[in-house]
There are 4 protein chains.
Amino acid sequence: MTSPEFPPYSVRDLSLAESGRHQLRLAENEMPGLMALRAEFGETKPLAGARIAGSLHMTVQTAVLIETLVALGAQVRWASCNIFSTQDEAAAAVVVGPTGTPEAPAGVPVFAWKGETLAEYWWCTQRIFDWSAEAAAAGADWTGPNLILDDGGDATLLVHRGKAAEAAGVVPEPADGDSAEYRVILDALRESLADDPQRWTRIADELRGVTEETTTGVHRLYELAREGELLFPAINVNDAVTKSKFDNRYGIRHSLPDGLNRATDTLIGGKVAFVVGYGDVGKGAAEALKGQGARVIVSEVDPICALQAAMDGYQVARIEDVVGQVDIFVTCTGNLGVITTEHMLAMKHLAIVSNVGHFDNEIDIAGLEAIPGAERIEIKPQVHEWRLPSGRSILVLSEGRLMNLGNATGHPSFVMSNSFANQVLAQIELHTRIEEYPVGVYTLPKRLDEKVARLHLDALGVELTTLSQEQADYIGVPVDGPYKVDHYRY
Amino acid sequence: MTSPEFPPYSVRDLSLAESGRHQLRLAENEMPGLMALRAEFGETKPLAGARIAGSLHMTVQTAVLIETLVALGAQVRWASCNIFSTQDEAAAAVVVGPTGTPEAPAGVPVFAWKGETLAEYWWCTQRIFDWSAEAAAAGADWTGPNLILDDGGDATLLVHRGKAAEAAGVVPEPADGDSAEYRVILDALRESLADDPQRWTRIADELRGVTEETTTGVHRLYELAREGELLFPAINVNDAVTKSKFDNRYGIRHSLPDGLNRATDTLIGGKVAFVVGYGDVGKGAAEALKGQGARVIVSEVDPICALQAAMDGYQVARIEDVVGQVDIFVTCTGNLGVITTEHMLAMKHLAIVSNVGHFDNEIDIAGLEAIPGAERIEIKPQVHEWRLPSGRSILVLSEGRLMNLGNATGHPSFVMSNSFANQVLAQIELHTRIEEYPVGVYTLPKRLDEKVARLHLDALGVELTTLSQEQADYIGVPVDGPYKVDHYRY
Amino acid sequence: MTSPEFPPYSVRDLSLAESGRHQLRLAENEMPGLMALRAEFGETKPLAGARIAGSLHMTVQTAVLIETLVALGAQVRWASCNIFSTQDEAAAAVVVGPTGTPEAPAGVPVFAWKGETLAEYWWCTQRIFDWSAEAAAAGADWTGPNLILDDGGDATLLVHRGKAAEAAGVVPEPADGDSAEYRVILDALRESLADDPQRWTRIADELRGVTEETTTGVHRLYELAREGELLFPAINVNDAVTKSKFDNRYGIRHSLPDGLNRATDTLIGGKVAFVVGYGDVGKGAAEALKGQGARVIVSEVDPICALQAAMDGYQVARIEDVVGQVDIFVTCTGNLGVITTEHMLAMKHLAIVSNVGHFDNEIDIAGLEAIPGAERIEIKPQVHEWRLPSGRSILVLSEGRLMNLGNATGHPSFVMSNSFANQVLAQIELHTRIEEYPVGVYTLPKRLDEKVARLHLDALGVELTTLSQEQADYIGVPVDGPYKVDHYRY
Amino acid sequence: MTSPEFPPYSVRDLSLAESGRHQLRLAENEMPGLMALRAEFGETKPLAGARIAGSLHMTVQTAVLIETLVALGAQVRWASCNIFSTQDEAAAAVVVGPTGTPEAPAGVPVFAWKGETLAEYWWCTQRIFDWSAEAAAAGADWTGPNLILDDGGDATLLVHRGKAAEAAGVVPEPADGDSAEYRVILDALRESLADDPQRWTRIADELRGVTEETTTGVHRLYELAREGELLFPAINVNDAVTKSKFDNRYGIRHSLPDGLNRATDTLIGGKVAFVVGYGDVGKGAAEALKGQGARVIVSEVDPICALQAAMDGYQVARIEDVVGQVDIFVTCTGNLGVITTEHMLAMKHLAIVSNVGHFDNEIDIAGLEAIPGAERIEIKPQVHEWRLPSGRSILVLSEGRLMNLGNATGHPSFVMSNSFANQVLAQIELHTRIEEYPVGVYTLPKRLDEKVARLHLDALGVELTTLSQEQADYIGVPVDGPYKVDHYRY
């Protein structure tokens, strides 16, 4: 796995691999879905020939996913999709591989470490598309991946923007309102265009599809499809029930308090917590905070979700009306600017401000940095006190990025086993039945969704009841499912 | 409102009207959705010309629905869709009307009382299709209703079976396994065929559509549509989010413990409760029982719902494995035979057996009645002790029918205001834009679903947040909604 | 059981006895503590010779208590301790007795019916002290009871006030602020003094003790003891853990929503509920409302309880600051005037006002009645709309008296089995070991408290763990308990 | 702060002080009780002249306590009471002090670091009694502390055992069953006796009292008092309501899932958790696990607590009956051997075994180590996989010691502010009013308990209601409290 120009992998420290391997081993016990897929498909290797460019938080759980993809026959390169979310020991373990050593790594090329700069981040993302070493080793006629496994859509974005720039022959200048991050991307593309004016066009042509993990990434895909710009078929893994209703909800229920605790050790009980957005993520966040004895206030723009929040016993208010009473803010919207500098200036002393929804623009971090006189003090990595001209401080977690990844270790293995089993099944679908997927955005068929759920029941001691034929006929479903109409909401 | 052959209405006792009117007045305060529709459409009367045959539990809440339909210009005839669910004082108040007196009723013809026999039930259902008095009064060329408002699909079933029988020229003989109820329907149709061999054909021809309230009724409609037998367009009100996720879940959360308490006064706390089925109804049932301190065990056939139950903290088991530990059984499946006689014989002494899902075949009541030596003792109406050959007794509520209606007063007004606002909007859709609805089954557009939610927020003190144009653009929705993709699950 | 002057019993209708007996039979299954005491002491009859004057809500559960006292050898006369709380069919069943018939009643003399006037109430209370019929039948030298079983302390109050008046030779004139009820008591005493100037002195002399059920009654007893006016020993049953922490908390958790539902059918979910007082009763009330999806606000005067409420996730506020947002008020304080007319005038239209704490002075009902222009409309018995000069109405339940008894059927059997098992054990203590109880107020020893708990475990399927001798020694307790120091708070 | 023989302090690394100081500053914001005491008593310095030997987990919160004691005038020396619980940066910050530097520390002598050996632990504990440096600096006639602030009773135990050994002239030989730890203590005492045969006698004579934090320590004190061996008065801080009902319950509710998450990252939702013991700690543990979606099973020996667990909705079972279904074990008993090697051998693969109750004998760690063939693998510090002859592994947290301290950072600041405010008030009581405390064990008066609660309300936005004089008189309490009888259970 050498490459002439770039290092064959780039992680913090391979000596962390042993510790990482211990954690992988424990995680495997908590990821029955992935292990069942290894058992089911380890022989037939349905992913043989798949070259997967993965961009997804490089955690212990993702390590089990990567090794499952490999067990099913795929070749893989990997980057994280967030500058703070890498667990360095997991990255090391994946590079070393189950049979390698730090001195002779025998695993998968990973480009990720905790605490990347934005420039480093996009450098890493570009590395997962550079398969020159693999191609050389195989004497192949291909040069890049044929599948993307994406989370948030950055890898997919890069390909689409890259090809567009190459078609235009020029990378657009950043506009006034563009984010710092977008400028970094444009710089990277500009460099690429100068270096090789057909790189992304070539990569795009070889790609057969993408499977996408998140609400945000899926949203981008539907937009691309609507505008006729989508370059290859996409499977929306996010909207599998066993993803959106499990990862988004139960994952956050677990990892939100975990992140708050590791970051601040602040008692949650008795405090006033404000949850911005009551979608699946917000529902999980509110439940977790309530379960710890917080008084939860929710804000919503969607009247249906707002009514749900009220019926679940939460006060539903606008942030500006209660901002001064709140101890803990959690944004869960996937939108931008839901906590503004004006809000931050009105907060209590040492109010905690955190995001589990989306990007760092959900909280206006750029605006915060621009407040004259605001002073940033690092309490510990990913925990910053901002002293504000209001005379008060606020505590910002993970610099406004996903705190459950930046301050904790992300969603726990069991939840991710659901999401990742969907990812694996989606990759198999695209790799083995691509002819059934013209360019467009697809969700997984319900039978696969039910299969993913089924793979996780034993581990929880769940005893499933079986329909009799008479009962199945009565409600008009096969005895073995699928059991619900497509629009069923669970 | 006289008719030559039949009484103009048939309820328990018109002197109950004053008490019923008090309750209607209180219910109006709890049904902000319906009252808002009266305010919005009371002038323009979009239902002028609508002749609605309603078959839906004749409760206080339904009375507010009926008077809302009238306020919007409709003519209405009404029956209950369950032999036990009528609140006699509500029925009386509707017949008397807001301006009438028991001596000079000026309201709507209702045919319903608590405790109908099956034969009476189907007689009542036939009455809502007999508009001869209204037609005569209007000197009209029509003879029946042009819309059905249905709950469970009995009214719709009757029209479809009636027309089919008339086409065949004969009513089929009951088969061996047919239920007692089905035999009553066949008898009624046989009589009708003898009396007027084109009655149902004529009625079917005049009908422009149906709006259906329940999972079960909707299921029947999709079957009819799939088999090409559906006679007119149908709007599936059940699957509006503000219906299925509110009525089914929050309604049961309220009315299940209410029914248990009124029926038995048994402490729920500390008891073992078994919830059969973890759909929306089961979720509400489990939450209510847990909220009262019961230990809840769930059974499921669908692995996704089973996994949800486990993640929500419930034991998931098969009924046969735990039947002897359970104090309270609640069926929530919409399927048949989920509690069998074998189960009932294995239950604890005085275990409570109840159904909030569907028909009385969900619990095998027919099988129970057929157990040799089983003795039925009426503790009070709708509460029966069955002494079994096991030497133990069980307590069966509402003879296996919907106990939240039979033992309590059904879902509370606020929940029903959501469901019924959907019904009203669906009736308006069919009446005013029928050309957009070819024969088929439709759900309400999301904008109406969000509208229904919006109408209920003020009453709960919910303050909705407004998207900025920038935020709306960022997530690609209009500022005023709809806010979600169609497949969003809430 | 005839008496020259007064009827031998006074209940609504003996023909209700059969229905009452059915309910007693079901309740016996839910009262394992009382049934276990019948089994343990039915032979030895430790209450032989006890003549118990009982003043406690005449419900189905109390009927099982009464028949338990009888089974243990006692003679009993009974009145209710609340004008609304009697279940007439239970009263009838107790009078008829398990072996009697309505025509030939063979049970216990009960003086109670649902909906007594205040004058009737105190007439009934006097009847439980009039044992002339029993004395005549026995040819006895005693004339009254030797034990009181009290709830709220009315029976005990009457004896103390009666004896005091007889000592003074005069009944005091009512003062300006005295309640209507107190005036009724004074009238009754005045009549008694005229009729027999030594009646209460004689009754007091024969009494050996009282066992008291409630916080309020116990409070009065401690006051009497502190002022040296207590006439006989008293056992404080209220402060047994298996009473105060079970009846007060879990009983209210059950019966509060039951009362709200039967009274109003209003959806609790999504509503704002205000719980005045966060003692055991308030804790149960808040939990029940939260379990139904209400948003609960608590008020408190005690900083420790206030802190508990906050840590349990509730907003803690003063009533005057939130009164206009609240849908449901529940008072749980045992104090007076916690909801004032000023508060009531500021409430939302049709806010529900109810009391589960204590007397009807907890809500200022007298003040409400005195508001000029306030109009009272009976929606149904125990549910009154008050139209106020504010232009709004409020709904007052049970005229401000205990709504869980007035609007529902009180605490469920299982909870009362705990409380009443304590009562029975306390009566046995006083009757069999009176020499150990000089005049004063006592709580039951912890071993009896643990015994009561133990009697209820099997019915809930609880498997208790047993200490090894080594473990018992390590923590310094006997293997069989008691397990905790006296000040342990559970 | 130099001493001839021993280092003046002993912590991991003074360069951690800056980071520790940041955390102290944040913690001060979360410890309103301690900060209010600094404000109230900072001027008058009621602890002037107090020489406090502190033995309590050396965490960030304890650092705020220590600096509060100093602010009130006390001199302090400190050790941790657990080998794993020290937060090294907090220890460093306390040594450096708010005004010192790592080069010129100006704080309090601390002897504690995370991961002490048993021998080191007892060496540290001895250091808090060695005030030779302070005495020399003051030219004082005293030689040791005059007060102990204890947690678990180790410091108190050492004094009592030391003095007893000196009286006997010999340290007893360890018996066969004695723990490894006890042997270490005996060794330490033997060395001390050889070195200075009157050291502990002298120390004991100078001590005026102890304030004790925990159930276990308090239990030892009551035993000493019962056996007449207690050497000085003791205040039982543990049984203040604002300690036992807050620290024990709400503290564990917070820190148990925190410890589980940091140790294992295992999803709690959907898992079966087994809580041994349902006292205050067990109640908090069960609530936390339920709040995260676990299915909780409880075991109990006390029938009252068992009944509470059932009424709170938990299954109550014996460990041996369900051991094979459980994913997470948590012991909360304060007893020994509640999880035995037999239990451990029967557990699921990778079941998590943890203790939040007491010592490492609560789980039979010694027995585990003695299982032939059992292999211990360190996953990370304080997390060990034990491969058992059963072919399965279990995960043992913190080697069976308190995992909320070993795997997390202990109870959060806000909870500890309650407990520690009680400690400070108790130290003031002993120091300023010692004459009112003859040798014996005392709880704090209720007025101080209410005061502690009151100090914490503002921070949570709690608005307390004030009794009117009429209301206070009605219930017979002062307007300003105390509000409850002593036996009130909260």
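Parameters at a glance
- Residues numbered from 1 in each chain as written.
- Chains lettered and ligands numbered in written order.
- Predicted model: local features only at pLDDT ≥ 70, side-chain atom pairs only at ≥ 80, totals over all residues.
- Heavy atoms only, no water.
- Helix = DSSP H or I, 4+ residues; strand = E, 2+ residues; numbered from the N terminus.
- Rg over C-alpha atoms; globule rule 2.2 N^0.38 Å.
- Buried < 20%, exposed > 50% of the residue type's maximum accessible area, 1.4 Å probe, protein only.
- Areas by Shrake-Rupley, 256 points an atom, 1.4 Å probe, with all protein chains shown as cover.
- Contact = heavy atoms within 4.5 Å.
- Buried area = accessible area lost by both parts, 1.4 Å probe.
- Salt bridge = Lys/Arg side-chain N within 4 Å of Asp/Glu carboxyl O.
- Polar contact = N/O pair within 3.5 Å; in protein donor to acceptor, adjacent residues only side chain to side chain.
- Nonpolar A, V, L, I, M, F, W, Y, C, P; charged D, E, K, R; others polar.
- Pairing = 2+ DSSP bridges.
- Domains from an automatic or database assignment.
- pLDDT = per-residue confidence, 0-100.
- Arc of directions from axis to C-beta.
- Least-squares fit on C-alpha atoms with pLDDT ≥ 70 in both.
- Core = buried A, V, L, I, M, F, W, Y, C linked by side-chain atoms within 4.5 Å.
- Expected span 1.5 Å × (residues − 1).
- Axes fitted to C-alpha atoms, helices over the stretch in contact; angles between N-to-C directions.
- Parallel < 35°, antiparallel > 145°, perpendicular 65-115°, else oblique.

### So, the overall build of chain A
Per the secondary structure count, chain A includes 21 helices and 15 strands. For 490 residues, the compact-globule estimate of 2.2 N^0.38 gives 23 Å, and chain A sits close to it at 23 Å. Referenced to the eigenvectors of the C-alpha coordinate spread, the extents of chain A come out at roughly 70 × 65 × 45 Å. Residues classed as buried in chain A amount to 66% of the 490 residues present. Of the roughly 15,800 Å² that chain A leaves accessible, carbon and sulfur atoms contribute 52%.

### Considering the interface of chain B and chain A
How big an interface is tends to be stated in terms of accessible area lost as the parts join. Across the boundary between the two partners, chain B contributes 67 residues, which contact 67 residues of chain A. In total, about 6,100 Å² of surface goes out of reach between chain B and chain A, with carbon and sulfur atoms giving 59% of it. Across the contact surface, chain B and chain A share 4 salt bridges. Note that Glu463 of chain A and Arg318 of chain B form a salt bridge whose closest N and O atoms lie 3.2 Å from each other. The interface formed by chain B and chain A includes 34 residue pairs in polar contact (both at pLDDT 80 or more). Secondary-structure elements contributing two or more residues to the side of chain B that touches chain A are helix 10 (215–226), helix 11 (241–244), helix 12 (247–264), helix 13 (280–291), helix 14 (303–311), helix 19 (413–432), helix 20 (446–455) and helix 21 (469–475) of chain B. With 8 residues, the top contributor of residues to the side of chain B that touches chain A is helix 14 of chain B. Residues that form the side of chain B that touches chain A fall into these classes: 31 nonpolar, 20 polar and 16 charged.

### Overview of the sheet that holds strand 8 (residues 295–299) of chain B
Pairing between sheet strands relies on hydrogen bonds along the backbone, with the strands arranged either parallel or antiparallel. Residue and element names in this part refer to chain B. Ordered in space as 9-8-7-10-11-14-13-12, the 8 strands form an open sheet in which the pairing is mixed. Of all strands in the sheet, those with a lone pairing partner are strand 9 (315–316) and strand 12 (375–380), marking the two edges. Sheet topology places strand 11 (residues 351–355) next to strand 14 (residues 393–397); 3 bridges connect them, and they run parallel. Opposite Val353, over in strand 14, you have Val396 as the bridge partner.

### Looking at the domain arrangement of chain A
Residue and element names in this part refer to chain A. Once the domains are mapped, chain A shows domain 1 (10–207) and domain 2 (250–407). Here domain 1 and domain 2 have C-alpha centroids that lie 30 Å from each other. The interface of domain 1 with domain 2 comprises 10 residues on the first partner and 8 residues on the second. Taken together, both faces of the contact between domain 1 and domain 2 bury some 730 Å²; the carbon and sulfur share is 59%. Where domain 1 touches domain 2, the interface holds 1 salt bridge. Among the salt bridges present, the one from Arg401 reaches Glu181, with a minimum N-O distance of 3.8 Å. On inspection of domain 1 and its partner domain 2, the count reaches 1 residue pair in polar contact (both at pLDDT 80 or more).

### Description of the confidence of the model for chain A
On average, residues of chain A carry a pLDDT of 96, and 99% of them reach 70 or more. Listed scores for the predicted complex are pTM 0.94 and ipTM 0.93.

### Focus on helix 9 (residues 199–206) of chain A
Within the span of helix 9 of chain A, buried status applies to Trp200, Thr201, Ile203 and Ala204 of chain A. Down the axis, helix 9 of chain A shows its buried residues gathered within 165° of arc, on one side only.

### Digging into the relation of the copies chain B and chain A
Taken as rigid bodies, chain B and chain A are interconverted by a rotation of 180° and an axial shift of 0.0 Å, the fit giving an RMSD of 0.1 Å. Expressed as an axis order, the relation between the two copies is that of a two-fold axis. Of the C-alpha atoms belonging to chain B, the one lying closest to the rotation axis is found on Arg489 of chain B, 2.2 Å away. With an isologous cut-off of 70% or more, the 100% of interface residues of chain B that recur at the interface of chain A puts this contact in the isologous class.

### A word on the nonpolar core
Of all hydrophobic cores here, the largest spans 102 residues; its most connected members are Leu256, Leu260 and Leu289 of chain A together with Met58, Leu69, Trp78 and Val110 of chain B. A per-element tally of this core places helix 19 of chain B first, with 10 residues.

### Focus on the interface of chain D and chain B
Listed per partner, the contact involves 13 residues of chain D and 13 residues of chain B. Buried area between chain D and chain B, summed over both chains or domains, comes out near 870 Å², and the portion from carbon and sulfur atoms is 61%. Taken together, chain D and chain B are joined by 0 salt bridges. The interface formed by chain D and chain B contains 4 residue pairs in polar contact (both at pLDDT 80 or more). Its residues placed into classes, the side of chain D that touches chain B shows 5 nonpolar, 5 polar and 3 charged.

### Brief notes about the environment of Arg454 of chain C
Residues and elements named next belong to chain C. When you line up the elements, Arg454 lands in helix 20 (residues 446–454). Looking at Arg454, the relative accessible area reads 36%, which means it is partly exposed. Residues Arg454 and Asn418, spaced 36 residues apart in sequence, show a C-alpha to C-alpha distance of 10.0 Å.

### Describing helix 8 (residues 180–195) of chain C
Residues and elements named next belong to chain C. With 16 residues, helix 8 extends 23 Å between its outermost C-alpha atoms, agreeing within 8% with the 22 Å of an ideal straight helix rising 1.5 Å per residue. All buried positions along helix 8 are accounted for by Glu181, Val184, Ile185, Leu186, Ala188, Leu189, Ser192 and Leu193. Tucked into the core, helix 8 has its buried residues touching helix 5 (118–127), helix 7 (154–168) and helix 9 (199–206).

### Here we look at the packing of helix 5 (residues 118–127) of chain A against helix 7 (residues 154–168) of chain A
Residues and elements named next belong to chain A. Remark: helix 5 packs on helix 7, axes separated minimally by 10 Å, with the N-to-C direction vectors making an angle of 80°. Taken together, helix 5 and helix 7 sit at an angle that is classed as roughly perpendicular. Where helix 5 abuts helix 7, its residues Tyr121, Trp122, Thr125 and Gln126 lie against Asp154, Ala155, Leu157 and Leu158. Each residue belonging to the contact of helix 5 with helix 7 can be placed in one class, and the counts come to 5 nonpolar, 2 polar and 1 charged.

### Re the pattern of salt bridges
Residues and elements named next belong to chain A. A full pass over the atoms with the stated rule returns 116 salt bridges over all chains. Ionic pairing is found between Lys245 and Asp280, a salt bridge with its closest N-O pair at 3.9 Å. Residue Lys245 is found in the loop between helix 11 (241–244) and helix 12 (247–264), and its partner Asp280 is found in helix 13 (residues 280–291); the two are separated by 35 residues along the sequence. Assessed through its relative accessible area of 7%, Asp280 is described here as buried. Where Asp321 meets Arg318, a salt bridge forms, and the shortest distance between an N and an O atom there is 3.8 Å. Judged by its relative accessible area of 48%, Asp321 falls in the partly exposed class.

### With respect to unusual backbone geometry
The omega angle of the peptide bond from Gly481 of chain A to Pro482 of chain A is 0°, so this bond is cis rather than trans. Along the chain, the position of Pro482 of chain A falls in the segment after helix 21 (469–475). Positive phi values are uncommon outside glycine, yet Ser398 of chain C reaches one of about 50°. Looking at the secondary structure, you find Ser398 of chain C in the loop between strand 14 (393–397) and helix 18 (403–406).

### Section: the sheet that holds strand 10 (residues 328–331) of chain D
In space, the 8 strands of this open sheet follow the order 9-8-7-10-11-14-13-12 (chain D), with mixed pairing throughout. Lying at the two open borders of the sheet, with one neighbouring strand each, are strand 9 (315–316) and strand 12 (375–380) of chain D. Strands strand 12, strand 13 (383–387) and strand 14 (393–397) of chain D of the sheet are contacted by helix 1 (residues 17–30) of chain A, whose axis makes an angle of about 105° with strand 12 of chain D. Contacts between helix 13 (residues 280–291) of chain D and the sheet are confined to strand 7 (272–276), strand 8 (295–299) and strand 10 of chain D, with strand 7 of chain D contributing the most and set at about 170° to the helix.

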